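# Secondary and tertiary structure notes
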Number of protein chains: 4
Amino acid sequence: MGNTFGHLFRVTTFGESHGGGVGVVIDGCPPQLEISETDIQVELDRRRPGQSRITTPRNESDTCEILSGVFQGKTLGTPIAILVRNKDQRSQDYGEMATVYRPSHADATYDAKYGIRNWQGGGRSSARETIGRVAAGAIAKKILHRFGVEIIGYVRRIKDLEAPIDPDTVTLEAVESNIVRCPDALYAEKMIALIDATRQNADSIGGVVECVVRNVPIGLGSPVFDRLEADLAKGVMSLPASKGFEIGSGFAGTLLTGKEHNDEFYTDDTGRIRTVTNRSGGVQGGISNGENIILRVAFKPTATIGQAQRTVSQTGEATVLSAKGRHDPCVLPRAVPMVESMVALVLCDHLMRHHGQCELLGEPLGEPLE
Amino acid sequence: MGNTFGHLFRVTTFGESHGGGVGVVIDGCPPQLEISETDIQVELDRRRPGQSRITTPRNESDTCEILSGVFQGKTLGTPIAILVRNKDQRSQDYGEMATVYRPSHADATYDAKYGIRNWQGGGRSSARETIGRVAAGAIAKKILHRFGVEIIGYVRRIKDLEAPIDPDTVTLEAVESNIVRCPDALYAEKMIALIDATRQNADSIGGVVECVVRNVPIGLGSPVFDRLEADLAKGVMSLPASKGFEIGSGFAGTLLTGKEHNDEFYTDDTGRIRTVTNRSGGVQGGISNGENIILRVAFKPTATIGQAQRTVSQTGEATVLSAKGRHDPCVLPRAVPMVESMVALVLCDHLMRHHGQCELLGEPLGEPLE
Amino acid sequence: MGNTFGHLFRVTTFGESHGGGVGVVIDGCPPQLEISETDIQVELDRRRPGQSRITTPRNESDTCEILSGVFQGKTLGTPIAILVRNKDQRSQDYGEMATVYRPSHADATYDAKYGIRNWQGGGRSSARETIGRVAAGAIAKKILHRFGVEIIGYVRRIKDLEAPIDPDTVTLEAVESNIVRCPDALYAEKMIALIDATRQNADSIGGVVECVVRNVPIGLGSPVFDRLEADLAKGVMSLPASKGFEIGSGFAGTLLTGKEHNDEFYTDDTGRIRTVTNRSGGVQGGISNGENIILRVAFKPTATIGQAQRTVSQTGEATVLSAKGRHDPCVLPRAVPMVESMVALVLCDHLMRHHGQCELLGEPLGEPLE
Amino acid sequence: MGNTFGHLFRVTTFGESHGGGVGVVIDGCPPQLEISETDIQVELDRRRPGQSRITTPRNESDTCEILSGVFQGKTLGTPIAILVRNKDQRSQDYGEMATVYRPSHADATYDAKYGIRNWQGGGRSSARETIGRVAAGAIAKKILHRFGVEIIGYVRRIKDLEAPIDPDTVTLEAVESNIVRCPDALYAEKMIALIDATRQNADSIGGVVECVVRNVPIGLGSPVFDRLEADLAKGVMSLPASKGFEIGSGFAGTLLTGKEHNDEFYTDDTGRIRTVTNRSGGVQGGISNGENIILRVAFKPTATIGQAQRTVSQTGEATVLSAKGRHDPCVLPRAVPMVESMVALVLCDHLMRHHGQCELLGEPLGEPLE
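Reading guide: rules and limits
Residues numbered from 1 in each chain as written. Chains lettered and ligands numbered in written order. Predicted model: local features only at pLDDT ≥ 70, side-chain atom pairs only at ≥ 80, totals over all residues. Heavy atoms only, no water. Helix = DSSP H or I, 4+ residues; strand = E, 2+ residues; numbered from the N terminus. Rg over C-alpha atoms; globule rule 2.2 N^0.38 Å. Buried < 20%, exposed > 50% of the residue type's maximum accessible area, 1.4 Å probe, protein only. Contact = heavy atoms within 4.5 Å. Areas by Shrake-Rupley, 256 points an atom, 1.4 Å probe, with all protein chains shown as cover. Lys, Arg positive; Asp, Glu negative; His and termini not counted. Charge placed at Lys NZ, Arg CZ, Asp CG, Glu CD. Axes fitted to C-alpha atoms, helices over the stretch in contact; angles between N-to-C directions. Parallel < 35°, antiparallel > 145°, perpendicular 65-115°, else oblique. Left-handed = near helix turned anticlockwise from the far one by under 90°. Nonpolar A, V, L, I, M, F, W, Y, C, P; charged D, E, K, R; others polar. Least-squares fit on C-alpha atoms with pLDDT ≥ 70 in both. Phe/Tyr/Trp six-rings, centres within 6.5 Å; stacked < 30°, edge-to-face > 60°. Lys NZ or Arg CZ within 6 Å of the ring centre and 35° of its normal. Buried area = accessible area lost by both parts, 1.4 Å probe. Salt bridge = Lys/Arg side-chain N within 4 Å of Asp/Glu carboxyl O. Pairing = 2+ DSSP bridges.

A tally of helices and strands in chain A yields eight helices and 18 strands. In terms of overall dimensions, chain A is globule-like: its C-alpha atoms have a radius of gyration of 21 Å, near the 21 Å expected for 370 residues. Its C-alpha atoms put chain A at 65 × 50 × 35 Å along the principal axes. The proportion of buried residues among the 370 residues of chain A is 71%. Counted over contacts in chain A with a minimum sequence separation of 6, partners at least 24 positions apart contribute 70%. Accessible surface computed for chain A: about 10,800 Å², of which carbon and sulfur atoms make up 50%. Looking at charge distribution, chain A has the averaged site of its 40 positive side-chain charges lying 6 Å from that of its 46 negative ones.

Below, the structure is given as structure tokens:
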């Protein structure tokens, strides 16, 4: 268990980095949604290795096949299974991994938990697993798009290089205009240079992905345990290498007083109740308030590095390891679509849950756009 | 939905701050565990309002009654229902809340989502709801204690006052030795003074609760979605007023390189595989590795303040609000047992899940202590 | 675990026959539904012991208290907790039960599973547990009623006395017109006489409850595992003493050929597609087709009887037991509201699930009535 | 939703009869279990069409591929994905199905619920979907086998031909010795002749599958909603064409008095508490008591028949339909492995649940066999 996410829009991923392939089953997708392999491939291409010189040189096309749940271009309401075959597998790169534990990796804990481990390329703990999430996220995004919702992730910080970005105005075009996915062109260049230097040093770096959601329907989130921020936190903290989450003012907000921090209300020209500031990050009391949702995720530096590290073998003998496999010096650029996908899965699920519970007898919050 | 937490050790809370009471149903508790109302009351007393001069002057004894699931002092394996009646209710303090939205509170979003709201004292969005969590957490702690697990939460920071604390050696006694629950005596005094001053100014402040778990069984956590850190994040981010979560090196860890950040392995004198450092915070690949779990939660300044704030009424008219109800100038001291409880619920659930899946055919990780 | 039922309309029951009380938490109820303790009490009174001379003489008023989730007469959308205190407890009647296993009861299996058991009055295995189900069912019925749905259960057969009843025309008034809840007056008399005679013989009898649902929205049910008939089967087979379930033609339908059994389609005067016959029992392919849902549940003769029976003690010694506690000679009259409640819980949950998944983007099946 | 079954041993099926294929993802499987495609293929071959002259002449090899979760012949504890490609597809046989509703099929209800339908070969409502269940059931059986559990299903009755079979002694060899899977050789011949005659008449027939489980661990089942018989009922009633379920004495048991029906206890030579009779069918109070579990499932006559039937088109026009697709005149022989699989899924899940909850602190019920 532990490989299913969501309540109504339920996503189950499967697959290891080596073996028959990786994929996802999406159960509960609304019927009659137009979807094609192209819609999904676009997002997978943003995630795939080898997409640029600052990602791992492993070159996998990650071509997806929709096995079920779609008929004549539309969802059936039945489970959508999507499969991506594993292709560019060089098991020889990983021979040592069968017996030596990589520091800050999952090798040792998988062995301890399961008593067995697919040591080829990280197996289930490989970031390759996130293919299923991104494929499902592509569908969730399409549903949300029908309600006008826009989700944009981007690299906010690489190591100590923090770009000045306004989440309220950032565009997907700006994000996708460079290979590091930082919408600030100047900082993007600096970040790319830093990643290049880090790779040449056989080291790795991390940073912070920020994600903004605009045009969020009011009313999403199910207190008390399924508060929207709680489910968002779980979603992104289930991504490999994530070490921290914050929403709105986050940790920095604890430095303010209540008077300074509170979001005062006003009524805008259209009669809608709004907040003057948005330190809440679009969520109050666990429920979306219609302001932009803004969240940040900390990703640690990639655990796999070329430099020599002290470690132990499966049987506990001390040894030294220098990773030979191909790997990312910085996961952040590829983490952007992963974060967006988890956010989309959470919002789509809560949209359906809200519809099922609160709009059954009452007024609908809004209609899907044509 | 949204009011149940956990998979095998399943907790469902109910109740509003005003009305018949608040409580919890725990389904799936292992049978034959000794438990009494006293075990639960100890933890509820750490959470209750009026426990000290720096918490809200609302004085509720929060006496719990075990309605079911315990017989002759032992759990039956059937649902344990625990009820705490609401007592010290002064609805007159809250009259204005029926029509005016408190900034950064849940009033407006509850109205938007449900079209109806119990406006007395915050209703379901009141921190009073956490009574059920703390009661359930007391039972989870007892189970974990049988396996040697120790969970200690404490106030690490109030506003910009950050105490120097070593999570590996901190004691419950030190935490409980002062009313702010900061184990550093010097900083505790400073924090208490700051809270006092803040209250006199009719303002509020926030901060960071840190929590350490020691003697954690290796192998807890169910990748990929139910990674241990993901479930911990969800648990604590579902607490009222939480705005951020981090584990191990957290956000600060993103400033290091991989070489600096990785936890190298070694084998200790007893033959156990350990890590030299613990930037992972006790979790690698979503699974506990036996090192101490260390996590931090950011709590914003209390939204309810005595100072005047601009806001709107339910019908959108601009108005000014100065809270008259009794409230905490700083939630941190009372948040400590809440954080501990959510951590205990997550770990207990994963202990049972691990037992059900991975120890069915294989070797048990360890035996409960007598 | 095992004490929660439903996906969106989630019901968790708690309580043993002796102890603080029994009850239920309903999570996910749509907000703004008018509900009162009277609405619930009406159904509890149909279930309660001592309601007539053919039920157990235990006389409990089973008065319910709504603890949470309802405000000013309307549901809040937050968890609704309902508590019924235990009152008429004569533990002395049950002294022997602490050590002697009642044949065909749950005493021995609870001991084997949990290693502990509340032996007073059956504890959790008591039919008293169904109070929570009936209370939740009362709310589910109210929601369904808003969509025109009508659920009527009745006693179809007691032992070999099978009443001729037309499910398409049976009325609640006819069912409630006599104490055995058989809408056929002639058979009702015969059944009552048979139950009287059975009680005088210190024996017990069983039979079949039939339940019809009229005006069912088309489209309820979630293939493949949550087919409507599968969830209905689970719901009623989770009731104490149930031994069999069938829908539509059931077991008898297996004696027909496909040509004889199939329900041919036609279009009625209003343009609606209907079936000429209804051997499917209102469900085709796991989804309601708008025809009446008709199902039957077999209830075994009450296990508790006054006659002497051979059995063993907890430690395995042979002994003889004659039940002294007060008990029903036939559970069928009181099982009627239990069956109706489980059917209502299943349908309400599926109505909400359908709304959440299939009506998000598409056309609603219908509107709630005012 | 609705396509996941089980709590710890969680099975999600996907796929339509036409399209990329059908399959299953099993999440939560215990690690280190030896499993191969051969183990699974054996069971799929018992289910596959074209296996004998009394099943559909559609000839599909249904060859399975394990995509993930198994490494070097053993389960990893990660999700096991199994895929069976669709092969022998003659869409031209189904052209009419795009617009004409087959009586007693799912065509009309799928259209009503989802507003769209894969009309080729029944789509998701095809019995082909059960491939995933049988594949998962093969793994569940292997786990149960480690605990000595034996599950044997067989055809008990075809139309009115009811074979005299003793569930306590029936063998798999006897069941598999003939193509109708009735262990009584004499009745098997009669049944085969009846099916042959029915097919020649372009008609279809149904019957009853019985299933016995021997060597069941005591203590499986989670009252109150997840009583073992409730989950068994749900499991088998989610199979296509099932119309009824009974356990132990079932409907016939309602003709007895309590004195006649109760299973008296005794202590056997080994000191184990047993029941003299087994009208409970191996389950008391929702929990297995160690006696053989015996259950029966009614399967209606196949809906698809060659004879002309009156029906309507998608737009409601009256028409006549004679099925041209290849189909089973009687599903019973192929339903046997389906019933066994659902029973195995339920028992395996409850075995793990019991282990997770009740054996955490207490004594294990037993050890897996080597």
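From this point, the discussion proceeds with the structure in view.
Another point: the packing of helix H1 (residues 37-47) of chain D against helix H3 (residues 130-146) of chain D. Residues and elements named next belong to chain D. As a packed pair, H1 and H3 sit with axes 9 Å apart at the nearest point and diverge in direction by 135°. Viewed along their axes, H1 and H3 adopt a mutual orientation that is oblique. Remark: the crossing between H1 and H3 carries right-handed chirality. Residues Asp39, Ile40, Glu43, Leu44, Arg46 and Arg47 of H1 form the contact with H3, whose participating residues are Thr130, Ile131, Val134, Ala135, Ala138, Ile139, Lys141 and Lys142. Class assignment of the residues belonging to the contact of H1 with H3 gives a composition of seven nonpolar, one polar and six charged.

Moving on, we come to the relation of the copies chain A and chain B. Note on the copies: chain A fits chain B at an RMSD of 0.0 Å, the axial shift is 0.0 Å, and the rotation between them is 180°. Both copies of the chain, as the preceding transformation shows, are related through a two-fold rotation axis. Looking at chain A, 100% of its interface residues are interface residues in chain B too, so the copies touch through the same face.

Let's shift gears to the packing of aromatic side chains. Two descriptors summarise a pair of aromatic rings, namely the distance from one centre to the other and the angle between the planes of the rings. Under the defined criterion, the tally for this structure stands at 18 aromatic pairs over all chains. Against the face of Tyr187(A) rests Lys190(A), its NZ or CZ located 4.3 Å from the ring centre.

Here the focus is the relation of the copies chain B and chain D. Once chain B has been moved 0.0 Å along the axis and rotated by 180°, it coincides with chain D to within an RMSD of 0.0 Å. An overlap of 100% is found between the interface residues of chain B and their copies at the interface of chain D, pointing to a shared contact surface.

Turning next to the interface of chain A and chain B. Taken together, the contact between chain A and chain B spans 105 residues of the former and 105 residues of the latter. Between chain A and chain B, the buried area comes to about 8,300 Å², and carbon and sulfur atoms account for 59% of it. The largest contributions to the chain A side of the interface with chain B come from Met1(A), Lys113(A) and Phe225(A), which together make up 11% of the buried area. For the pair chain A and chain B, the number of links is six salt bridges.

Within the sequence span of H1(D), burial applies to Ile40(D), Gln41(D), Glu43(D), Leu44(D), Arg46(D) and Arg47(D). For H1(D), the elements touching its buried residues are strand S4 (64-68), strand S7 (80-84), H3, helix H4 (172-176) and helix H8 (332-358) of chain D.

Turning our attention to the sheet that holds strand S2 (residues 10-15) of chain B. Two orientations exist for strands paired in a sheet by backbone hydrogen bonds: parallel and antiparallel. Spatial strand order, S1-S2-S3-S7-S4 (chain B): five strands in an open sheet with antiparallel pairing. Either end of the sheet is taken by a strand with one partner, and the two such strands are strand S1 (4-5) and strand S4 (64-68) of chain B.

Excluding glycine, most residues fall at negative phi; most peptide bonds, likewise, are trans. In the segment running from Pro223(C) into Val224(C), the intervening peptide bond is cis, with an omega of 10°. Considering the arrangement of structural elements, one finds Val224(C) in the loop between strand S10 (207-214) and helix H6 (228-237). A positive phi angle, close to 50°, is found at Asp62(B), a residue other than glycine. For Asp62(B), the location among the structural elements is in the loop between helix H1 (37-47) and S4. We classify Asp62(B) as buried; its relative accessible area is 3%.

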